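# Architecture at a glance
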Amino acid sequence: MSVKLGRNDPCWCKSGKKYKACHQAFDEKIAMYASKGCIVPSHDIIKNADEIAGIKESAKINVAVLDYIEEHIHAGMTTEEIDKIVYEKTTKMGGIPAPLHYEGYPYSVCTSVNEQVCHGFPSKDVVLQEGDIINVDVSTILNGYFSDSSRMFCIGEVSPEKKKLVEVTKECVELGLKEVKPWGFLGDMGQAVHDHAFANGYTVVREIGGHGIGLQFHEDPWVGYNSKRGEEMLMVPGMIFTIEPMVNMGKADIYVDSKNDWEVYTEDGLPSAQWEIQVLVTEDGHEVISW
Ligand code: MF3
Ligand code: CO
C-alpha cells in the first residue's frame, strides 16, 4: 500500500526529484485510465533512469553473447557446446547466466531445436544437423539487473517451409514492436503478433508468453499474444518487457516433457520458432534494449 505523496516529497521512483517534477502528472494520468476500468501498471515495474542504465549494461552482455553464437553456430556442433560458450562469454564479461539454477533450471541457456517450443536443454547428444532450426535463448544478470533475448538460427540449408516460419516469426515481433508506445495497450502488440502469424497459416502458443523484466527475471505483466487491441495492461514510460511469441507451423497445442518438467514441444511434432526482444517504453515510443 502506498501513502499519498505530497507535491514536494521525493518521488517514489527514487530519482531524487520532487514528486511534482517527476511522476505526479504520470500518476494522475494512470489514475484516469484506472478509473475507466483499464489494467494499469503498479509503481514497482516502472524503472527510473539509473535502473534503465543498469539494465542496458546487462543487455550489452546478452547481445554480445548472441552475436558470438551467431558467428560460431554450425552443423556438427552440440547444444552442450552452445551452453559452454554462453557460460564462458557471460562470466568473462562480468555477468551471470540468468537461467542457471533459476527455479532448478540446470543450464546457462535454452536451446530449442525444430519441434521444441522452448526451454530446450543443451545436451552433448543433440548435434546440430543441416536443415535444423534452433532458438538460442540467452538471459543475463549484471549487478542485479536482468536482460533477456533470443534469436533463431538456420543450420545450413533449411527447407523453404522452415525458413518461412523463422522469417514470419521475426516479422511478428517487428510488427508487435511497432505497437509499443506509451498510453497504448499490450493487446495492441499482441493482436499485431497474432494477426500476422494467423495470416500466414500459423498458430501462436497460448500458455507461454513474455514478461516484465529488469529488477527481476520475470516481473509483471505477463505478455500474451492472443489478446486484442485496446485490451490488457496500459503501456507507460519506464516499463520494460519482452516480446517473445512462439509461432507453430501446425497446431498451437504443446506439452511439457514429463521427464524433466521443462522442455516444451509441439503436440503435433511440427516445427516452432521464437524470437525474443526486450523493449523499454519511452516518452515518445520505445527502445529495444536487447535483441
Ligand atoms: N529466457 C526464458 C524466458 O524468456 C527463460 C526461461 S526460464 C529458464 O523467460 F530457466 F529456462 F531459463
Ligand atoms: Co523471456
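This one's a predicted model, so the numbers in the text were calculated from it and none came from an experiment.

## Focus on the overall build of the protein chain
Per the secondary structure count, the protein chain includes five helices and 15 strands. Over its C-alpha trace the protein chain gives a radius of gyration of 20 Å, about what one expects of a compact globule, namely 19 Å for 291 residues. The buried share of the protein chain, taken over its 291 residues, is 55%. In the protein chain, the proportion of contacts linking residues at least 24 apart, taken out of those at least 6 apart, comes to 68%. Summed over its atoms, the accessible surface of the protein chain is roughly 13400 Å², and 52% of this surface lies on carbon and sulfur atoms. When the 27 basic and 45 acidic side-chain charges of the protein chain are each reduced to a single mean position, those positions are 8 Å apart.

## A look at the coordination of the cobalt ion (ligand 2)
Within the protein, the atoms that donate to the cobalt ion (ligand 2) are D148 (OD), H211 (NE2), E244 (OE) and E276 (OE), at distances of 2.1 to 2.3 Å. Considered as a linear motif, the donors of the cobalt ion (ligand 2) on their single chain read D-x62-H-x32-E-x31-E. With H211 in strand β7 (residues 210–212) and E276 in the loop between β13 (272–274) and β14 (277–281), this pair connects stretches of sequence that are 65 residues apart. In terms of burial, H211 and E276 fall into one category: buried.

## Brief notes about the sheet that holds strand β3 (residues 116–118)
Here three strands make up an open sheet; going across it, the order is β3-β12-β11 and the pairing antiparallel. Sheet topology places β3 and β11 (254–256) at the edges, where each strand pairs with a single neighbour. Adjacent strand axes in the sheet meet at a mean angle of 40°, parallel and antiparallel pairs treated alike. In the sheet, β11 pairs with strand β12 (residues 264–266) via three bridges, with the strands oriented antiparallel. Within the sheet, the bridge partner assigned to I254 lies in β12 and is T266.

## A look at the site of ligand 1
The environment of ligand 1 is made up of 14 residues, and the closest members are P99, D137, D148, H218 and E244. Between ligand 1 and the protein, one listed contact pairs a nitrogen atom with a side-chain N or O atom of D137 at 2.8 Å. Contact distances for ligand 1 include 3.4 Å between an oxygen atom and a side-chain N or O atom of E276. Contact with the protein chains covers 95% of the free accessible surface of ligand 1, which is 330 Å². Broken down by class, the residue content of the shell around ligand 1 amounts to six nonpolar, four polar and four charged.

## Brief notes about the pairing of β14
Counting buried positions over the five residues of β14 gives five, a clear majority of the element. Where burial is concerned, the two faces of β14 agree: the one with I277, V279 and V281 and the one with Q278 and L280 are both buried. Here strand β9 (residues 240–243) runs beside β14; their pairing, made up of four bridges, is antiparallel. Directly across from T242, in β14, lies its bridge partner Q278. Here four bridges tie β14 to strand β15 (residues 286–290), and the two strands are oriented antiparallel to one another. Paired with V281 across the strands is H286, a residue of β15. As consecutive antiparallel partners, β14 and β15 are separated by four residues.

Reading the values: the criteria
Residues numbered from 1 in each chain as written. Chains lettered and ligands numbered in written order. Predicted model: local features only at pLDDT ≥ 70, side-chain atom pairs only at ≥ 80, totals over all residues. Heavy atoms only, no water. Helix = DSSP H or I, 4+ residues; strand = E, 2+ residues; numbered from the N terminus. Rg over C-alpha atoms; globule rule 2.2 N^0.38 Å. Buried < 20%, exposed > 50% of the residue type's maximum accessible area, 1.4 Å probe, protein only. Contact = heavy atoms within 4.5 Å. Areas by Shrake-Rupley, 256 points an atom, 1.4 Å probe, with all protein chains shown as cover. Lys, Arg positive; Asp, Glu negative; His and termini not counted. Charge placed at Lys NZ, Arg CZ, Asp CG, Glu CD. Donors = N, O, S within 2.8 Å, 3.2 Å for Na, K, Ca; no water. Pairing = 2+ DSSP bridges. Axes fitted to C-alpha atoms, helices over the stretch in contact; angles between N-to-C directions. Near = heavy atom within 4 Å. Polar contact = N/O pair within 3.5 Å; in protein donor to acceptor, adjacent residues only side chain to side chain. Nonpolar A, V, L, I, M, F, W, Y, C, P; charged D, E, K, R; others polar.

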